[in-house]
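Secondary and tertiary structure notes
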Amino acid sequence: MKLKIIAAILLFASWSCVNKKTAIVESSSKLGNDLVIEQKVDSVLKLMTIDEKIGQLNQLTGNGEVTGPVSFANEYQEAIRRGEVGSMLNVNGASYTYKVQKIAVEESRLGIPLIFGYDVIHGYKTIFPIPLGDAASWDLESIEKSARIAAIEASAAGQHWTFAPMVDIARDPRWGRVMEGAGEDPYYGSQVAIARVKGFQGNSLADPNTIVACAKHFVAYGAAMGGRDYNTVDISDRTLHEVYLPPFKAAVDAGVGTFMSSFNELNGIPVTGNKGMVKEILKEKWHFNGFIVSDWGSIREMLVHGIATNEYESAELAMNAGIDMDMEGHIYINQLKKLLADGKITEKQIDDAVRRILRIKFMLGLFDDPYRYCDTAREKELLLNPRHLEIAREVSRKSMVLLKNNNVLPFSKNVKSIAVIGPLADNQDDIIGTWSARGEGKDAISVLTGIKQKVPTARINYAKGCEITDESKVGFAKAIAAAKNADVVLVVVGEAAMMSGEALSRAFLDLPGVQKDLVLEINKLNKPMVVVLMNGHPLTIEWMDKSVPAILEAWLPGTMGGPAVADILFGDYNPSGKLPITFPRNVGQIPLFYYHKNTGRPRVEAERYTSKYIDSPNTPLYPFGYGLSYTTFEYSNFNISANEIGMKDTLKVWVDITNTGKYDGEEVVQLYIRDLDGSVTRPVKELKAFKKVFIKSGEKVKTEFTLTANDLAFYTRTMEFKAEPGDFKVFVGGNSHDLQELSFRLK
Ligand code: NOJ
């Protein structure tokens, strides 16, 4: 009823707005440019008391799920009635969100609808591969599609807002959240960020099957020292601007509706209280007009960081930094009014935060119909819809990376017997990975089942062999016997779901438990054998690369992981994924990434005083961009349009790729550059473009790339973003290591 009153006011407001033709927002961002919405926002704002305004900035967790340390007993229903809550997280399902929304709409004074947020990271009910795996497809359409399906399902189940994509660049494979992003590269990470934002938000937030995305965690969370989650970040301003900020900027340009501030401190200041980052860069420089939510309790945690001595100070820091919504910190609700009375913050600041939140609520259509996402019939129809499962299978097989293949794969479908071994072979729970929203193991198809479906006439000898983390080897004998009696052997090993993700960093990156011993024992039988890896961190498996004949990186592949693995193993899909992150040989090499500097003494094996280890090569086990196919690709006719270009010119780069093998296949053609003489040192390689091309066996495709001065720009000695005249190299190839090169000059 109250909503109807507001609606009537809004209708009037929108008319008056249009008639007055008021220029409300001057911004390059699409958010905030809809005059009708802006006028509606203002008209609601006018009706609100200061307490109601502060209430909009408060986000509480429901008890559906707990995704952080709960330090308060939440009586959120009462708080909603009192108008003290603007958003809930962890409230799930069309009927439950309906009930909670009804309290806000019918029982609070103004009836302002809540916005429901949830971690829809790689699917809602139909679970896709973990984001790192999804990114390994280098197929932006496929990446967008997985986010789209996640949004369709989540929106049918009452959600309006996902805390995704995580666009943090991750260069330390020990970091637990490496699984949640797109890997180590700022250029590729930016492309994936755009695809994911588009996928979640679709063409318009007004469509009821879209949800608002959240670029997180702003910023440099992935640079945590030692890869230990939440740890200190101390990086140069240049690295911040060149490596960690670009995917966030790309998300803003793609129209992302919200941001989340990160837990970490950045060079001494926790980002949640960092005015220079949030207010000055994100809001003012980038003109971001959506809203910024803190991470779970991160306003309160400024006390623990040691930058505020009480809640009052931490609220002041966060509000002045530009954080609009307090996630489960209970700080804004308790402190903002006092800060306002004391003149430490202004009502204008509060209004700005409220306006940003209301703007997104209007864009989602929540004022038109607060229950439009709470449709149980739609929920029933769409969750785990067969079409979604089909797409999950496609996305999953595209994500897999063939790391090694000594003529073992693909297996013949006429194989008489196959041994399926390992703790992840008949596993439905771990394969959906961590952050799997409402996904359930019972809906997932294991590798064992996938194989049985693929080759129903083959004899399958299944033996688990060992557990993922246990030290017991009692199952080895049965596994060895199963392998002995089979024509081909498949061993599925790796990490449990809860070995990567938030607060799940690792100090060791080898296979946990006795899985290594299991693989080596089975390998002694000299059978045609493939190891399928399931993991959320890159693994240090040099020993495996040296011993077993074939390795397939399947990540944590989601609900349809089993059939996707079977499609690849039996040749129904030719693997085409490439690593979005470097696999080191050992933990001692970390941090190890392709985009490094040359140093004054680059490694020379025979020369002592060069930059190297005495007990390990510098090179990775598998470089960034690496991945094999069942076919082979040959690069030829690499050429550029000029040896010298001006600042306004375009350089064309051509290369032909021939499929020289027996199978049709896809290749990810990668283009890197190197600036040889900058005013500051530049990385030895920087990815600047890529194309995924399908090539039939025996055929050749011509590819063309273009480079402009903007692609050669960087933060110069004076921190200006521009290209400098000088000599450059341009490289093309199928991974960041095996490349052909040419030179050119920028005048
Ligand atoms: C903390 C995590 O860092 C963040 O990514 C997540 O969205 C929130 N908890 C909510 O669950």
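Residues numbered from 1 in each chain as written. Predicted model: local features only at pLDDT ≥ 70, side-chain atom pairs only at ≥ 80, totals over all residues. Heavy atoms only, no water.

1. Some points on the packing of aromatic side chains
The cut-off we apply is this: Aromatic rings from Phe, Tyr and Trp, with only the six-membered ring used for Trp, were paired whenever their centres fell within 6.5 Å, and each pair was classed as stacked if the ring planes differed by under 30 degrees, edge-to-face if by over 60, and tilted otherwise. A run of H or I in DSSP becomes a helix once it reaches four residues, and a run of E becomes a strand once it reaches two; helices and strands are each numbered from the N terminus. Relative accessibility under 20% of the residue-type maximum defines a buried residue, over 50% an exposed one, and the middle range a partly exposed one, all with a 1.4 Å probe and only protein chains included. Two conditions define a charge located above a ring, namely a distance within 6 Å from the ring centre to NZ of Lys or CZ of Arg, and an angle within 35 degrees of the ring normal.
Scanning all chains against the criterion turns up 28 aromatic pairs. Measuring from ring centre to ring centre gives 5.0 Å for W161 and F291, while their planes differ by 70°; the resulting arrangement is edge-to-face. You can see W161 sitting in strand β4 (residues 161–162) and its partner F291 sitting in strand β9 (residues 291–293), a full 130 residues away along the chain. The pair formed by W161 and F291 is uniform in burial state, with each residue classed as buried. Members of the aromatic cluster, joined through ring pairs, are W138, Y187, Y188, Y594, Y595, F624, Y672 and F690. Directly above the ring of F593 sits R171, whose terminal nitrogen or CZ lies 4.2 Å from the centroid. Sitting over the face of the ring of F731, K685 holds its NZ or CZ atom 6.0 Å from the ring centroid.

2. Describing the environment of K454
This is how it is decided: Should any heavy atoms of two residues lie within 4.5 Å, those residues are counted as being in contact.
Within the fold, K454 resides in helix α18 (residues 447–454). When the C-alpha positions of K454 and K40 are compared, they lie 56 Å apart, and in sequence the two are 414 residues distant. For K454, the residues in contact, after removing those within four places along its chain, are R393, K413, A566, D567, F570 and D572.

3. Considering the domain arrangement of the protein chain
Here is the rule we go by: For every domain, the bounds stem from an assignment made automatically or drawn from a database. Throughout, buried area stands for the accessible area (probe radius 1.4 Å) lost by two parts on being put together, summed over both. The term salt bridge refers to a pairing of a side-chain nitrogen on Lys or Arg with a carboxyl oxygen on Asp or Glu at a separation within 4 Å.
Assigned domains within the protein chain: domain 1 (2–57 + 110–378), domain 2 (58–109), domain 3 (392–589) and domain 4 (633–746). Centre-to-centre separation of domain 3 and domain 4, based on C-alpha positions: 34 Å. Contacts between the two partners involve five residues from domain 3 and, on the opposite side, nine residues from domain 4. Taking both sides of the interface into account, the surface hidden between domain 3 and domain 4 amounts to around 550 Å²; carbon and sulfur atoms contribute 42%. Area buried by domain 3 at its contact with domain 4 is led by N574, S576 and K578, which between them contribute 73% of it. With its nearest N and O atoms 3.0 Å apart, the salt bridge here joins E667 to K578.

4. Looking at the nonpolar core
How we decide: Residue types Ala, Val, Leu, Ile, Met, Phe, Trp, Tyr and Cys, when buried and joined through side-chain atoms within 4.5 Å, form a set referred to as a nonpolar core.
One finds F218 and L569 to be the most contacted residues of the largest nonpolar core, which totals 197 residues. Among residues more than four places away in sequence, those in contact with F218 are L245, F248, F259, M260, S261, S262, V271, M277, V278, L282 and W286. Judged by nonpolar contacts, the second largest core, of 26 residues, contains F633, V653, I673 and F728.

5. Quick look at the pairing of strand β14 (residues 488–494)
For clarity, the threshold we go by: Note on pairing: DSSP must find at least two bridges between two strands before they are called paired. For the handedness criterion, the strands are oriented away from the viewer, and a crossover whose path from the first strand over the helix to the second runs clockwise is classed as right-handed.
Here β14 lies mainly inside the structure; seven of its seven residues are buried. With four bridges connecting them, strand β12 (residues 417–421) and β14 associate as parallel partners. Paired with V420 across the strands is L490, a residue of β14. Judged from the six bridges that link them, β14 and strand β15 (residues 529–534) form a sheet pairing that is parallel. Considered in β15, the bridge of V493 is made with L533. In this fold, β14 hands off to helix α20 (residues 515–523), which returns the chain to β15; that crossover is right-handed.

6. Concerning the confidence of the model for the protein chain
For clarity, the threshold we go by: The pLDDT value expresses, per residue, how confident the predictor is, ranging between 0 and 100.
On average, residues of the protein chain score 95 in pLDDT, and 96% of them reach the 70 mark or higher. Contacts of residues 12–29 to residues separated by more than four positions or lying in other chains number 27 contacts, the stretch itself having pLDDT below 50.

7. Points about the sheet that holds strand β5 (residues 214–218)
Keep this limit in mind: Interaxial angles span 0 to 180 degrees and are taken between N-to-C directions of axes, which are lines fitted to C-alpha atoms, for helices over the stretch in contact.
Spatial ordering of the open sheet is given by β5-β6-β9, a layout of three strands whose pairing is parallel. Every other strand in the sheet has two partners, leaving β5 and β9 as the edge strands with one partner each. Averaged over all adjacent pairs, the angle separating strand axes in this sheet is 25°, with direction ignored. Relative to strand β6 (residues 258–261), β5 is paired through three bridges, and the arrangement is parallel. Across the sheet, C214 pairs through a bridge with T258, a residue of β6. Along the sheet, helix α10 (residues 246–253) contacts β5 and β6; its crossing angle with β5, the most-contacted strand, is approximately 155°.

8. Quick word on the site of the ligand
Definition in use: Near residues are defined by distance, with any heavy atom within 4 Å of the molecule or strand qualifying the residue. Pairs of N or O atoms within 3.5 Å make up the polar contacts considered here, provided that, within protein, one atom can donate a hydrogen while the other can accept it, and that residues adjacent in sequence are counted only when both atoms are side-chain atoms. Only the protein chains shown count as covering a residue, and every accessible area follows the Shrake-Rupley method with a 1.4 Å probe. Two kinds of site are reported from a 1 Å grid over the protein atoms alone, namely cavities, where a 1.4 Å probe fits but cannot get out, and pockets, open sets with protein on both sides within 12 Å along at least five of seven lines, and residues are called lining when an atom falls within 4 Å of a point. For a molecule to be placed in a cavity or pocket, more than half of its atoms must lie within 2 Å of the grid points of that cavity or pocket. Any residue outside Ala, Val, Leu, Ile, Met, Phe, Trp, Tyr, Cys, Pro, Asp, Glu, Lys and Arg is labelled polar, Gly included; the first ten of those are nonpolar and the last four are charged.
Neighbouring the ligand are 13 residues, the closest being T67, D119, R177, H217 and D295. Contacts to the ligand include T67, whose side-chain N or O atom sits 2.6 Å from an oxygen atom. Within the side chain of R177, a nitrogen or oxygen atom sits 2.6 Å from an oxygen atom of the ligand. Coverage of the ligand by the protein amounts to 100% of the 290 Å² it exposes when considered alone. Judged by the fraction of its atoms near the pocket grid, the ligand is located in the largest cavity. Partitioned by chemical class, the residues of the shell around the ligand number six nonpolar, two polar and five charged.

9. Some points on the pattern of salt bridges
Summed over all chains, the structure comprises 47 salt bridges. Close ionic contact of K337 with D51 constitutes a salt bridge, the shortest N to O distance being 3.2 Å. Here K337, found in helix α14 (residues 332–341), pairs with D51, found in helix α3 (residues 50–56); they are 286 residues apart in sequence, far enough to count as distant. Two residues, R174 and D172, come together in a salt bridge whose shortest N-O distance is 2.7 Å. Residues R174 and D172 agree in their burial class; the two are buried. In the salt-bridge network here, residues are joined through shared partners; they are R393, R397, K413, K454, D567 and D572.

10. Observations concerning empty space enclosed by the protein
What counts here: Grid points are joined across faces, edges and corners, and a volume is the space filled by probe spheres set on the points.
Throughout the structure, instances matching the rule amount to three cavities of 30 Å³ or more. There is about 100 Å³ of room inside the largest cavity. Around the largest cavity sit 14 residues that line it, and T67, D119, D295, W435 and E502 are the ones nearest its centre. In terms of residue class, the lining of the largest cavity is built from seven nonpolar, two polar and five charged. Along its surface, the second largest cavity is lined by 13 residues, and I121, H122, D134, S146 and A147 are the ones closest to its centre. Mapped onto the lining of the second largest cavity, the elements with two or more residues apiece are α6 (131–135), α7 (140–156) and α8 (186–201). Ranked by residues supplied to the lining of the second largest cavity, first place goes to α7 with four residues.

11. Brief notes about the layout of surface pockets
Each pocket or cavity is described by its volume, and for the largest pocket that value is around 1100 Å³. F593, Y594, Y595, H596 and K597 are the residues nearest the centre of the largest pocket, which is lined by 43 residues in total. For the lining of the largest pocket, the elements supplying multiple residues, two or more each, are α9 (237–244) and β25 (726–733). No other element matches the five residues that α9 contributes to the lining of the largest pocket. Looking at the lining of the largest pocket residue by residue, the class counts come to 17 nonpolar, 13 polar and 13 charged. Residue-level mapping places the lining of the largest pocket at the junction of two domains, with at least three residues from each of domain 1 (2–57 + 110–378) and domain 4 (633–746).

12. Re the packing of helix α13 (residues 311–321) against α14
Rule in force here: Here the angle decides the label: under 35 degrees means roughly parallel, over 145 means roughly antiparallel, 65 to 115 means roughly perpendicular, and every other value means oblique.
Contact pair α13 / α14: the axes reach a minimum separation of 9 Å and the direction vectors enclose 80°. Considering their axes alone, α13 and α14 lie roughly perpendicular with respect to each other. Residues E311, Y312, A315, E316, A318 and M319 of α13 form the contact with α14, whose own contacting residues are Y332, N334, Q335, L336, K338 and L339. Tallied by class, residues from the contact of α13 with α14 come to seven nonpolar, two polar and three charged.

13. A look at the environment of A206
Within the secondary structure, A206 sits in the loop between α8 and β5. In this structure A206 comes out as partly exposed when scored by relative accessible area, which is 39%. Residues within four places of A206 in sequence aside, it is in contact with M363 and R372.

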